[in-house]
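Examining the three-dimensional arrangement
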Amino acid sequence: MEFGVLGPVQAWQDGRPIEVGSPKQRCVLGLLLVDLDREVPLDRLVDAVWGDKPPRNARGGLQVHISHLRNVLPADTIKTTPGGYLASVDPEAVDLHRFRRRVAEARGSDEPETAAALWDEALECWRGDPLSGVGSDLIDHSVREPLLEERWEAVEARAGALLRVGRYREVISDLTRMTGEQPFRERLHVLLMAALQRGGQRAAALEVFRRARQIFIDELGIEPGRELVELHGQILQDDPGLVGVSPAVGRGDDGAAGAPAEPGEAAAPDVDFDDRNDLPRDTPDFTGRQEALTTLLRVAERGAERAEVCVISGPGGVGKTALAVHAAHRLADRYPDGRFFIDLYGHSAGREPMTILAALGTLLRALGVKPQSVPETVDERAALWRALLNDRRVLVVLDNAASSAQARPLLPAAVGSLVLVTSRNDLSGLVGARYLSLDMLRSSTATAMLTAILGAERVEAEPEAVRHVVELCAGLPLALRIVAARMLSRPRWSFARVAERLKDQRRRFDELRADDQSVAAVFALSYQSLNPAQQRAFLLLGLMIGTSIDDYGAAALLGVDPRRADQILQELVSVCLLNEEAADRYRFHDLIGTYAWQQALEQIAETERETALRRLSDYYLSTARKAAELLDPQVHSYELDIRSTPPYEPVLSDVADAVSWLDEQREIISALIEFAAAHRRPRLAWQVAYAFWRYCFIKGYTDLWLNTHQRALAVTRAEKDDQGSAITLVSLGVAWYLSGRVDTALDSLNDGLDVFRSLGDEIGQARAHINLAGVFERMGRYADAVHVSEQALVWMRSTGDRRREAMLLGNISHLNYLLGNYREAVSYSHAALDIEIPGWASTRPRALRTLGAVSVRTGDYDAARRHLESALEMFDDLGDPAGEAFTRSHLGVVQRELGDLDAAVKSHLAALEACERSAQRVAEADVLNELGATYARAGRFTEAQESHERALLLARGRQERYAEGYAVLGLGRLLSMSGEIAKAEPLLREALETFAELGVPEAAEARVELEGLRAAG
């Protein structure tokens, strides 16, 4: 299928036109085809279709138009993107992009005949006014007019190409008509006059000038431009220089005697060519940037085949100019025809960016063009600059460029040339350029820079203080050089003193100033280049909680929708004031962030700052709570500490979404609790912490769990928020237990329980009892665990919480299994299975696992296998590696008791692998013990001993009494089997005492082993 926008918007299938719909639908398709393979934002499409009066449901209407287009176009032609739509087809199938390709090929062709043919092909792509018939003012001004300008430029270039190959009659025929259509395009008149002169029609050429001059005077009140006037003068004098006519060149249409130059190009200016070297002094102690330097050297090596351009971008003070100049000195020998440097003043104090006209004038004079020979217009200067550099190998450094538009006319076209452009903007508009973005220096490189400037002795004397200074300077080369310069002039200053002076954020920029160098001033230039909306966003982002932010967080902080937030963030990225560290996640460089924060405190009213931060904290708390509900529906119901529900939040639909969002916000959640503590908002602190604990459990982030909850507990206690203290204490108790500090865990849980009792909060008491039961179980206090679980069960039944009722029934079933109360275990398991909860299935595999374990103990191996395999399948579906580990280990016991020892070993090893995938690895000691028992049954005594010893070490570290007793029993059995009775007896006796204390049936096994040992002895 082919598409056309250079005329009415149209599509063809096998040469036959396809009806693409109404003018609005053609408008949408036309815009998408113009920006082929690039996202067209929804707002731009709405503006194009409806202008400044869109209907209330404009986006819905737009979706209808898109749907219609998709019905008539091939699949995947129009794709939905995060912010709009894009069209994706072969560029050769779209007349506009085919036209642009032919234009590029024509400009790049060294063969005049080939170039002329390519210009013909390019203009054949046009069928009329571009995107006609769509009825859109936006397209008229922003799309159609620029496209028409491209066409006229191509018309002029084609005429010039035809002049070069002597096809004068075609030029005369075409341009006689076109000068009537476009009377104010001077270039058309110039080309027509040149064609007439070269075709032997001198009088007609002079008449063209007379008519053109009269039109300019009558209609515009001005004289024609310099190029037209000079050509007129040369024709009057019959001067062949500018128009390329000489006695040797025939006047006929074939032009066989030579290829005359295009008007405006052949008149050689007064030039004294010189092997020029404008490069500034190289930095003598240049340090680091080896990877970037290698990239630049490689770009230069590839430059033998094209004119190379490399853009070096980065924030102010990062060392862009230093790198460009250093690389230029390294490469100087490769460019014998000149090394040029020009500061374009894109971001310079007290100076406007240099105009393109002035920059070209400076470069031409540097090249050796006499001042009187420098043309007056940008186009003429650019053409002369390119022409004079043709066939020359030059290196040009365009420093401190403000924009692509400023740099583009300064780029030479000569193969073998190299241009290094430095800018605080990303200059994405330089087509074909290579891009190199500079970041801050790594700590080791920053230290090496200080060493190069100050000497190794001074740096090596204070390694920690140096590290601290580098950290406070955030690796910014300018900051490091200012520090080094101040220390050079103050030999008594130590790095410790410098670090102390830099530590205060409010005065840090005062310290990072020396003579005419100032980090704050460098940042201020970038800030001042922003428009008011960007400046406000920059300042508000300086208030962000944590060190990074996503689109939704930025939307909340700025008080805009996510699409607008993304646009602003991308604008700040493009001027190197913000880093996009990952897709849709943004971070300030440390010093830039500090600058933004300081300026926000000075320029934004306190009430506006507080309102913005409240919006941001509301967004984080609201979304964190939704994520927590997906991971584990909360026991407590409470009013969230938010003023209003955030209008924009990411869609979290399942556990994977919740974990992914919390993964991205982990550092921010921690910072949010610190923020809440600093702002004396206890409810925000404990509610965020409460929403965070289950994620920490799933991921195994016990230290983070402890740190966040301890901070939340401190602020709730300080602000006398008893409910928050109690909830946080219970969560802390679980974290303390998982970290191996069982006594501290019990204290925390009991403290929380006491506060809940004082509040009369039965739900809170139930939650405390549930978690106490978990700690009691791992300690081997099974009877206590059953007691507190049954109390919690009563409360949960009274509230109608069926999910937690099922969970508690399963827990009590498992505890009775451990105690040897198999009938009760089976009864509770069936009670748990009888509770059906849509969308909640985690209690079922646990109940089935307990039934399987009971069947193993009672010798019903068929039933055991059936229950355990069903449970394993469910745990696998749930992605629960801890449940999988226990279940696989029980299956291994079944296989062991049935004599399939190899299969049993494999099951136990698979269970260990599942333990490694489980964040908390709670099953590991139990699995190792069963593996040891299976190895012993198989006669693999060394491996059995190693397994039990590993289990014993783990169990004692975690205070898991049952696993500890089983490991000791296993080691005692091994010693007994090897005849080492004296060593075996104390171990078996220890196992018996442990199991008897726990009240579990394994005490009988230990007693039998001990009595048998004594009988044998």
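Along each chain, residues carry numbers from 1 onward, in the same order as the chain's sequence is written. Given that this is a predicted model, residues contribute local features only at a pLDDT of at least 70 and side-chain atom pairs are listed and counted only at 80 or more, while totals for whole chains, interfaces and linings are drawn from all residues. Hydrogen atoms and water are omitted, and side-chain values are computed over all heavy atoms in the structure.

Named according to an unreviewed UniProt entry, the protein is DNA-binding SARP family transcriptional activator originating from Allonocardiopsis opalescens. UniProt positions are given in the numbering used here, feature names are shortened, and annotations may be inferred rather than shown by experiment. As stated in UniProt under Sequence similarities (unreviewed entry), the record for the protein gives "Belongs to the AfsR/DnrI/RedD regulatory family."

Okay, the state of the cysteines next. In what follows, a disulfide is any cysteine sulfur pair within 2.5 Å. With the rule as written, the count across this model stands at zero disulfides. Distance from the sulfur of Cys 576, which forms no disulfide, to the nearest cysteine sulfur (Cys 310) is 13 Å. Exposure is judged per residue with a 1.4 Å probe applied to protein chains only, and the accessible area is read against the type maximum: over 50% gives exposed, under 20% gives buried, and values in between give partly exposed. Accessibility expressed as a relative area gives 9% for Cys 576, which makes it buried.

In this section: the side chain of Thr 623. Secondary structure follows DSSP: runs of H or I at least 4 residues long count as helices, runs of E at least 2 residues long count as strands, and numbering of each begins at the N terminus. Within the secondary structure layout, Thr 623 lies in helix 28 (residues 606-631). For the purposes of these results, a polar contact is taken to be a pair of N or O atoms within 3.5 Å, where, inside protein, one atom must be able to donate a hydrogen and its partner to accept one; residues adjacent in sequence count only when each atom of the pair is a side-chain atom. At 2.8 Å, the side chain of Thr 623 forms a polar contact with the backbone oxygen of Tyr 619. Only 2.9 Å separates the side chain of Thr 623 from the side chain of Glu 649, close enough to count as a polar contact. Contacts are residue-level and defined by heavy atoms, with any inter-residue pair within 4.5 Å sufficient. In contact with Thr 623, other than residues within four places in its own chain, are Glu 649, Pro 650, Leu 652 and Trp 661.

The next point concerns the sheet that holds strand 8 (residues 339-343). Criterion used throughout: strands pair if DSSP finds at least two bridges between them. Read from one edge to the other, the open sheet built from five strands follows the order 8-9-10-7-11, with strand pairing classed as parallel. Looking at strand neighbours, the two that pair on one side only are strand 8 and strand 11 (434-437), the edges of this open sheet. Here the strands of the sheet are splayed against their neighbours by 15° on average, with no regard to which way each runs. Examined bridge by bridge, strand 7 (residues 308-313) and strand 11 share four bridges and lie parallel to one another. Residue pairing for strand 11: Cys 310 is matched across the bridge by Arg 434. Each axis is a line fitted through C-alpha atoms, taken for helices only over the stretch in contact, and angles between the N-to-C directions span 0 to 180 degrees. Each of strand 7, strand 10 (418-423) and strand 11 is contacted by helix 12 (residues 290-302), which is oriented at about 170° to strand 11, the strand it contacts most.

A few words now on the nonpolar core. By nonpolar core we mean a set of buried residues, namely Ala, Val, Leu, Ile, Met, Phe, Trp, Tyr and Cys, connected to one another through side-chain atoms within 4.5 Å. Judged by nonpolar contacts, the single largest core of 204 residues is most densely connected at Phe 538, Leu 541 and Phe 995. At 12 residues, the largest contribution of residues to this core is made by helix 29 (residues 655-678). Setting aside anything within four residues of it in sequence, one finds Leu 541 in contact with Ile 549, Ala 554, Leu 557, Leu 558, Leu 569, Leu 572, Leu 578 and Phe 588. Formed by 75 residues, the second largest nonpolar core is a distinct cluster that contains Phe 3, Ala 122, Met 193 and Ala 205.

Now for the domain arrangement of the protein. A common way to report how large an interface is uses the accessible area buried once the components associate. Where each domain starts and ends comes from a domain assignment, either automatic or drawn from a database. Taken domain by domain, the protein comprises domain 1 (1-165), domain 2 (290-437) and domain 3 (443-515). For domain 1 versus domain 3, the separation of C-alpha centres amounts to 56 Å.

On to the environment of Ala 203, then. The residue Ala 203 is located in helix 9 (residues 202-220) in this model. For the pair Ala 203 and Ala 678, spaced 475 residues apart in sequence, the C-alpha to C-alpha distance is 87 Å.

On to the sheet that holds strand 16 (residues 585-587). Working definition: the strands of a sheet are paired by backbone hydrogen bonds and lie parallel or antiparallel to each other. Strand order in the open sheet formed by three strands is 14-16-15, with antiparallel pairing between adjacent strands. Each edge of the sheet is formed by a strand with only one pairing partner; in this case those strands are strand 14 (548-550) and strand 15 (579-582). Taking the axes of each pair of neighbouring strands and ignoring which way they run, one obtains an average angle of 40° across the sheet. As paired elements, strand 15 and strand 16 share three bridges and run antiparallel to each other. Among the inter-strand pairings, Glu 580 is bridged to a residue of strand 16, identified as Tyr 586. Packing of helix 26 (residues 562-574) onto the sheet brings it into contact with strand 15 and strand 16, and relative to strand 16 it is tilted by some 45°.

So, about a nonpolar patch on the surface. Only residues whose relative accessible area exceeds 30% and that take part in no salt bridge are eligible for patches, with like-charged residues grouped when within 9 Å of each other and nonpolar side chains (Val, Leu, Ile, Met, Phe, Trp, Tyr) grouped when within 5 Å. Accessible surface is estimated by sampling points in the Shrake-Rupley manner with a 1.4 Å probe; for residues, cover comes only from the protein chains shown. A carboxyl oxygen of Asp or Glu within 4 Å of a side-chain nitrogen of Lys or Arg is what we treat as a salt bridge. A cluster of nonpolar side chains, Phe 184, Leu 220 and Ile 222, forms an exposed patch at the surface whose accessible area comes to about 270 Å². Note that Leu 220 resides in helix 9.

Moving on: the packing of helix 33 (residues 742-759) against helix 34 (residues 762-779). Packing of helix 33 against helix 34 leaves a shortest axis separation of 9 Å and a crossing angle of 160°. Classed by the angle they form, the pair helix 33 and helix 34 counts as roughly antiparallel. Along this stretch, helix 33 crosses helix 34, giving a crossing that reads as left-handed. From helix 33, Val 742, Leu 746, Leu 749, Asn 750, Leu 753, Phe 756 and Arg 757 reach across to helix 34, where they touch Gly 764, Gln 765, Ala 768, His 769, Asn 771, Leu 772, Val 775, Phe 776 and Met 779. Throughout this description, any angle smaller than 35 degrees is read as roughly parallel, any larger than 145 degrees as roughly antiparallel, any in the 65 to 115 degree range as roughly perpendicular, and the remainder as oblique. Each crossing gets its handedness from the near helix: less than a right angle anticlockwise from the far helix is left-handed, clockwise is right-handed.

In this model, helix 35 (residues 782-799) (18 residues) spans 26 Å end to end at C-alpha, consistent with the 26 Å of a helix rising 1.5 Å per residue. All of the buried residues along helix 35 are Tyr 782, Ala 785, Val 786, Val 788, Ser 789, Ala 792, Leu 793, Trp 795 and Met 796. Elements that come into contact with the buried residues of helix 35 comprise helix 34, helix 36 (802-819), helix 44 (961-977) and helix 45 (981-998). A positive backbone phi angle near 80° is found at Gly 800, which sits one or two residues after helix 35. Expected span of a helix: the number of residues minus one, times 1.5 Å.

Our focus in this paragraph is unusual backbone geometry. The phi dihedral of Asp 14 falls on the positive side, at around 55°, and the residue is not glycine. Inspection of the secondary structure puts Asp 14 in the loop between strand 2 (10-13) and strand 3 (16-18). Using a relative accessible area of 63% as the deciding quantity, one classes Asp 14 as exposed. One non-glycine residue, Leu 427, lies in positive phi territory at about 50°. Among the structural elements, Leu 427 can be located in the loop between strand 10 and strand 11.

Aromatic contacts are taken between Phe, Tyr and Trp rings whose centres are within 6.5 Å, Trp giving its six-membered ring; a plane angle under 30 degrees counts as stacked, one over 60 as edge-to-face, and the others as tilted. Under the criterion given, the structure shown has 19 aromatic pairs. With 6.3 Å between their ring centres and 45° between their planes, Phe 538 and Tyr 595 make a pair best called tilted. Taken together, the residues Phe 538 in helix 24 (residues 532-541) and Tyr 595 in helix 27 (residues 590-603) connect sequence positions 57 residues apart. By the burial criterion, Phe 538 is buried, and Tyr 595 matches it. In this structure an aromatic cluster arises from ring pairing among Phe 509, Phe 523, Tyr 527, Phe 538, Phe 588 and Tyr 595. Above the plane of the ring of Trp 126 lies Arg 151, whose end atom (NZ or CZ) is 5.8 Å from the centre. Note on criteria: charge over ring means Lys NZ or Arg CZ within 6 Å of the ring centre, with the direction from the centre no more than 35 degrees off the ring normal.

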